[in-house]
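In case you want the letters, here they are:
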Amino acid sequence: MGRDLRNFLFPDGNWLVEMAAEDSAELEQLLRSEDDQLQESNHKFKLPDVIGILPIRNAVAYPGTVMPLAVGRERSKRLLADTRPNKSVIGLVTQHNPETDRPDFGDIYSVGTAATVLKVIKMPQGSIHIVVHGIARFKITKRLTTEPYLKAGVQPLDVKVKITKKLRALIVNVRQAANRLITLSPNVPEEASVLLENIENSSALADFLAANLSLDTAKKQKLLEELDAAKRLEKISVALANQLEVLELSRKIQGRVKESIDKSQREYFLQEELKAIQSELGKGDLRTEELRQINKNIKKAKMPEKVEQEALRELDRLNKIPPASPEYSVIRTYLDWVCELPWSIQTKDQLDINKAERILNADHYDLRKVKKRILEFLAVRKLNPTGKSPILCFVGPPGVGKTSLGKSIARAMERKFIRISLGGIRDEADIRGHRRTYIGALPGRILQELRKCGSKNPVFMLDELDKIGSDFRGDPASALLEVLDPEQNFSFTDHYLDEPFNLSTVMFIGTANYTEPVPPALRDRMEVIELPGYTETEKLHIAKKYLVPRQLAEHGLGKNRLTIKDDALLTIIHSYTREAGVRNLERSIAAICRAVATQIARAKKRQATISKKHLAKILGPPQFESELALRTGIPGVATALAFTPVGGELLFIESAFMPGKGLLQLTGHIGDVMKESAQAAFSIVKANAKKLKIEPGRFRKFDYHIHVPAGAIPKDGPSAGVAMFTSLVSLLLGKPTRPDVAMTGEITLRGLVLPVGGLKEKILAAKQAGIKTIILPARNRKDLPEVPREAKKGLKFAFVKNTDEVLKIALNTD
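Parameters at a glance
Once a new chain begins, its residue numbering starts again from 1 and follows that chain's sequence as written. Where totals are concerned, whole chains, interfaces and linings use all residues; where local detail is concerned, this predicted model gives features only for residues with pLDDT of at least 70, and gives and counts side-chain atom pairs only at 80 or more. Side-chain measures here rest on the full set of heavy atoms in the structure, leaving out hydrogens and waters. Summary of the burial criterion: residues with accessible area below 20% of their type's maximum are buried, those above 50% are exposed, and those between are partly exposed, where the area comes from a 1.4 Å probe applied to protein chains only. Secondary structure elements are taken from DSSP: a helix is a run of H or I of four residues or more, a strand is a run of E of two residues or more, and numbering for both begins at the N terminus. Directions pointing from the helix axis toward each C-beta atom define the arc. Note on definitions: a residue-residue contact is assigned when non-hydrogen atoms from the two residues lie within 4.5 Å. Throughout this description, a polar contact denotes any pair of N or O atoms lying within 3.5 Å of each other; where both atoms belong to protein, one of them has to be capable of donating a hydrogen while the other can accept it, and for residues adjacent in sequence the pair is counted only when both atoms sit in side chains. Here, the term nonpolar core denotes a set of buried Ala, Val, Leu, Ile, Met, Phe, Trp, Tyr and Cys residues that are joined through side-chain atoms within 4.5 Å. Each Phe, Tyr or Trp ring (for Trp, its six-membered ring) is paired with any other whose centre lies within 6.5 Å, and the angle between the two planes then decides the class: stacked below 30 degrees, edge-to-face above 60, tilted in between. pLDDT runs from 0 to 100 and stands for how confident the predictor is about each residue. Strand pairing requires that DSSP identify at least two bridges connecting the strands. Salt bridge criterion: a side-chain nitrogen from Lys or Arg within 4 Å of a carboxyl oxygen from Asp or Glu.

Asker: I keep staring at helix H11 (residues 353-363) and nothing clicks. Help me out?
Answerer: Every α-helical turn comprises 3.6 residues, leaving residues that sit three or four positions apart pointing alike. Among all positions of H11, only Ala356, Ile359 and Leu360 are buried. Relative to the axis of H11, the buried residues are bounded by an arc of 95 degrees and lie together on one face. Against helix H12 (368-383) and helix H13 (402-413) lie the buried residues of H11. For H11, the N-terminal cap is Asp352; the gap from its side-chain oxygen to the backbone nitrogen of Asn354 is 3.2 Å.

Right under this line is the structure:
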């Protein structure tokens, strides 16, 4: 067991044999003596014309090299029986296919190496091991016999050696590469470099390197067949470069691995030393302290029992995992999130209803319906503290105060306020979070914001519900169904947390400009409260009470430095801004403040009073003027009232006819519903032509065109049906509609007028435009009391049931 073993690969037998150290020493002594004898007599060597052929496999013999072989085939044994060691010459030729057990001349190459047998060793198992020494190249010229062994006529091959500068350079280059290869190879003895330096003959150097390179048999055979020493050295140089590159890369990788292992071992030893020092000082190690602190945080969080059990289980896993493991940081981050969520922390509600009412009135003007609902909730909470929080949805045009109202509610209830904008969100994970299997996973926005605010019962505003997107990553609106359902959100499960979290104490408030884009299932879970646009008087009060003081403070102007008169504010409201909310009104007030601040900063003025006459210089010419009389002075034009996300608006329906075949053309970027309303209006006119005193033949001789101006703006809805019908009748009768009349209502083929929505916004738009009479569906009469009295002041409302009543008012006709 303790003896030194040296391995040799015996190509003929294609198996590995181990020779003991004493046999190896004897063999090396024999090789040295025989090699010296052969080198002395090599120039006298004469190759016989006929020699026995010994096929070898998986190896190539070269002149000048000594190699061991294992002989096991019968024909090879018979050849050795006729061979005298150190006297006879045999031919060593490589087989094409090493699997062939009984090779013939067709199975071997034609070029081989003549060799002498130095020693024969008979093994107990019956096989024979021999050591041969290559002498010269030969080529088989004649196949003589195959029995009792292969015998052939041969011809020696002379090597071409021409000493040139290129050859000398090749020799130097090959030696350097070979020495570098020996240095990088751990199993090659240092004596190989000495031997390499002592080989002077270029052909012998090439053969020595070819015999020791790790090349496949076919490539080695080609090197044997190459008689030009320079070309052989070139090929060996390429092979050496390839093997050297592999070894260099291998050494670099091993160096990195060793460096990494050394670093890890060093850190390990230092950690162990630190533990020992801390133990002597009576302190625990940092990791133990860290785990103890996490355990303390878990107990402190007062989370539900099931969640606490899961957190402790993860803490136990963390204790067993080494800090260098990637899983360690994942579990640590998860435990941090679990401990920092407000499982049991909440603010105490302020249930003084009178105080809450004062706060709401101080922050917002009017909005009685919303304030009433909040006060009702506080009253119920006062009587039943464990009741569920309402889920409200404020719907209204931009700038009416939906978001600021949420802040005011939180202040009135003394709760914390959270707002997230859902506009453009397309990934469900924004709501529910990512699963922990993903790198960098985090909880969804709901739990993230709750962690930031540190309370489990805030006022949580979900802004822009109508602008949520969806794509292949999921539908966030569907993920909100669980969040906004009072029957489900007590056990909201985030994908990251993977444990239920109680959201039933959170007061969710959604906001939207339109309810149509909000999915019906989501809309059904919320209590929708509409915030219509403000009237002119309401805007004036808001400007005086809120906007002007806020802008004066932001621009460093006190009440004594700038005064804006009411006539200036009213002019801004109806001539410079046309909106349902007050955002543009506030921007205009800010522009006035900037202009005055500039003059005061330049010491041109100490104070200023802005009236109507100063507006043109500061804000420019008025942006909006009434075009009503101009637009409705000709037949075929009717004024319709429309409801948009930014409030009410006037639409002028224009009709024209031209020679044709009775076709109807519709333009103005209108939607499918509005197109169908136009078709219905045209059909009613044609069906009642006789009653309306219109010549029926006109529908066959002319084409008709209905256009809704502002063609770049999309328009849709059925409420313009009445105006389209009136426009067509006005055109065909040649009678213009009354300039002071506007109308809204859906029509049927029977001529009935159906109710519509957005009544307050439409009435406000009509009042701002100077309309005196508004035609409304009779079934909308019940909605009129909800319109502010100020908005109705100075307007006449005509409620109609059918199109005949519309024409009586709009055209003054029977």
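Further notes follow.
Asker: So what exactly am I meant to see when it comes to the nonpolar core here?
Answerer: A general feature of soluble globular proteins is that nonpolar side chains tend to end up buried together. Counting 52 residues, the largest nonpolar core has Ile446, Leu462, Leu465 and Leu480 as its most contacted members. Sequence-distant contacts of Leu462, defined by excluding residues within four places in its chain, comprise Ile420, Leu422, Ile446, Leu480, Leu484, Phe508, Ile509, Gly510 and Thr511.

Asker: How do you make sense of the packing of aromatic side chains when you look at a structure like this?
Answerer: Where two aromatic rings form a pair, the distance of their centres and the angle of their planes describe that pair. The tally for this structure, following the rule as stated, stands at eight aromatic pairs. Here Phe460 and Phe508 contribute two aromatic rings whose centre-to-centre distance is 5.4 Å and whose plane-to-plane angle is 40 degrees, an arrangement assigned as tilted. Taken together, the residues Phe460 in strand S11 (residues 459-463) and Phe508 in strand S14 (residues 507-512) connect sequence positions 48 residues apart. Residue classification places Phe460 among the buried residues on the basis of a relative accessible area of 0%.

Asker: What is the right way to look at the confidence of the model for the chain in this model?
Answerer: Keep in mind that low pLDDT regions are not for reading the predicted coordinates in detail. For the chain, per-residue confidence averages 83 on the pLDDT scale, and 91% of positions sit at 70 or higher. Across residues 1-43 the pLDDT falls below 50, and counting only partners more than four positions away or on other chains, this stretch makes 68 contacts in the model.

Asker: Before we go on, may I ask you to explain the pairing of strand S26 (residues 796-800) in this structure?
Answerer: Within a regular strand, side chains alternate between the sheet's two faces. Within S26, four of the five residues are buried, which leaves it mostly tucked inside the rest of the structure. Where strand S25 (residues 773-777) lies against S26, five bridges are found, and the strand directions are parallel. By the bridge assignment, Ile774 is partnered in S26 with Phe797.

Asker: Sorry if this is basic, but what is going on with the pattern of salt bridges here?
Answerer: Side chains bearing opposite charge may pair, as long as their charged atoms lie close to each other. Scanning all chains against the criterion turns up 37 salt bridges. Close ionic contact of Glu314 with Arg313 constitutes a salt bridge, the shortest N to O distance being 3.5 Å. Exposure remark for Glu314: the relative accessible area of 2% places this residue in the buried category. With a relative accessible area of 45%, Arg313 lands in the partly exposed category. In this structure, Asp566 engages Lys544 in a salt bridge whose closest nitrogen and oxygen atoms are separated by 3.3 Å. Linking Asp566 in helix H19 (residues 566-576) with Lys544 in helix H18 (residues 536-554), this pair joins segments that are 22 residues apart in sequence.

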